Amino acid sequence: VQHGNDVSFTVEPSPKYYVESVKKVDGESKSDVKKENDIYIIPNVTSHHEIEVTFAINTYEVTAAVDGENGTVEVNKSTVDHGEDVTVTITPETNEYRLSSFKVNDTIVPVNDKDFTEDDHNVLTYTVDNVVEPTEIIAAFEHVSVLEGEVDTYVNIEPTSGSLINQYKEDDHEIRVYSKDAK
């Protein structure tokens, strides 16, 4: 650079990072470098300067909400670094409700997806892997219909092979015993 001229330069962060600061270092003092349209400029250079660039990883906000009522949805982190995972906890209000729909950034995740895990209290967890953008999670719940009457009104078990060995009632419950080859 000729004495008294301006110097301009660009700084390219690696993917998933951004430029947090660019400083001109003159001995012990540091000052911000002027930036215009992604180009850094040091005007009127009359002495040697060092440039200090600080990079930081991109971070993203993660939000969770319920569409309607009858349950809650929570995330373990509301801000994540690029590439981190987020664990989502989905809790129906009572056993009378269940998850009916689940979306991550407007993409439907089937509620019978193998990646959902359920505990003994009907609380579901789901992990959103590798977050690389602001992420919105929306859950909806529906009422579970209760069937009235005897179970055999709704369920009939008939093996396709084998034979019925014994049939009896115990405490108002019908018990059927089939041969070992029953399928």
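Since the structure is predicted, the reported quantities are computational estimates derived from the model, not experimental observations. (Residues numbered from 1 in each chain as written. Predicted model: local features only at pLDDT ≥ 70, side-chain atom pairs only at ≥ 80, totals over all residues. Heavy atoms only, no water.)

Caption draft 1: Here's a closer look at the sheet that holds strand β2 (residues 17–26). The strand order β3-β2-β6 describes an open sheet built from three strands, whose pairing is antiparallel. In this open sheet, the two edge strands, each paired with only one partner strand, are β3 (29–32) and β6 (50–57). Within this sheet the neighbouring strands show an average axis-to-axis angle of 35 degrees, counted without direction. Of the pairings in the sheet, the one linking β2 to β6 comprises eight bridges and is antiparallel in character. Its bridge partner lying in β6, Lys23 is registered against Glu52. (Pairing = 2+ DSSP bridges. Helix = DSSP H or I, 4+ residues; strand = E, 2+ residues; numbered from the N terminus. Axes fitted to C-alpha atoms, helices over the stretch in contact; angles between N-to-C directions.)

Caption draft 2: Region of the structure containing the packing of aromatic side chains. Applying the stated rule across the entire model yields four aromatic pairs. A centroid spacing of 5.7 Å and a plane angle of 20 degrees characterise the contact between Phe9 and Tyr40, whose relative ring orientation is stacked. Of the two residues, Phe9 is situated in strand β1 (residues 7–9) and Tyr40 in strand β5 (residues 39–42); the sequence distance between them amounts to 31 residues. The class for Tyr40 is buried, based on a relative accessible area of 7%. A centroid spacing of 4.8 Å and a plane angle of 40 degrees characterise the contact between Phe116 and Tyr126, whose relative ring orientation is tilted. On the criterion of sequence distance, the pair formed by Phe116 in the loop between β12 (107–108) and β13 (117–118) and Tyr126 in strand β14 (residues 124–128) is long-range, its members being ten residues apart. Tyr126 shares its class with Phe116; the two are buried. Site record: aromatic cluster; members linked through ring pairs are Phe102, Phe116 and Tyr126. (Phe/Tyr/Trp six-rings, centres within 6.5 Å; stacked < 30°, edge-to-face > 60°. Buried < 20%, exposed > 50% of the residue type's maximum accessible area, 1.4 Å probe, protein only.)

Caption draft 3: Molecular detail of the nonpolar core. Residues Val88, Ile90, Leu99, Phe102, Phe116, Val128 and Ile137 are the most contacted members of the largest nonpolar core, which totals 19 residues. Broken down by secondary-structure element, the contributors of at least two residues to this core are β7 (59–66), β10 (86–92), β11 (97–104), β14 and β15 (135–143). When residues no more than four places from it in sequence are discounted, the contact partners of Val128 are Glu84, Asp85, Val86, Val88, Val104 and Ile137. With six residues, the next largest nonpolar core counts Val11, Val22, Ile42 and Val45 among its residues. (Core = buried A, V, L, I, M, F, W, Y, C linked by side-chain atoms within 4.5 Å. Contact = heavy atoms within 4.5 Å.)

Caption draft 4: Focus on the sheet that holds β15. Ordered by their spatial adjacency, five strands build an open sheet running β9-β7-β15-β11-β12, and the pairing between neighbours is mixed. Two strands close off the open sheet at either side, each with one partner strand: β9 (79–81) and β12. Judged from the seven bridges that link them, β11 and β15 form a sheet pairing that is antiparallel. Following the sheet pairing, Val104 is matched in β15 by Ile137.

Caption draft 5: Focus on a nonpolar patch on the surface. A cluster of nonpolar side chains, namely Leu147, Tyr154, Val155 and Ile157, defines an oily patch on the protein surface of about 420 Å² accessible area. Mapped onto the fold, Leu147 is located in the loop between β15 and β16 (164–170). Residue class for Leu147 comes out exposed when judged on its relative accessible area of 57%. (Patch = residues over 30% accessible without salt bridge, like charges linked within 9 Å, V, L, I, M, F, W, Y side chains within 5 Å. Areas by Shrake-Rupley, 256 points an atom, 1.4 Å probe, with all protein chains shown as cover. Salt bridge = Lys/Arg side-chain N within 4 Å of Asp/Glu carboxyl O.)

Caption draft 6: Representation of a negative patch on the surface. Together, Glu150, Glu170, Asp171 and Asp172 make up a region of like negative charge exposed at the surface. Within the secondary structure, Asp171 sits in the loop between β16 and β17 (173–178). (Lys, Arg positive; Asp, Glu negative; His and termini not counted. Charge placed at Lys NZ, Arg CZ, Asp CG, Glu CD.)

Caption draft 7: Highlighting the pattern of salt bridges. For the structure on display, the rule yields six salt bridges. Residues Asp38 and Lys35 are paired through a salt bridge, measuring 3.5 Å at the closest nitrogen-oxygen approach. We classify Lys35 as partly exposed; its relative accessible area is 45%. In this structure, the salt-bridge partner of Asp115 is Lys114, at a minimum N-O distance of 3.3 Å.

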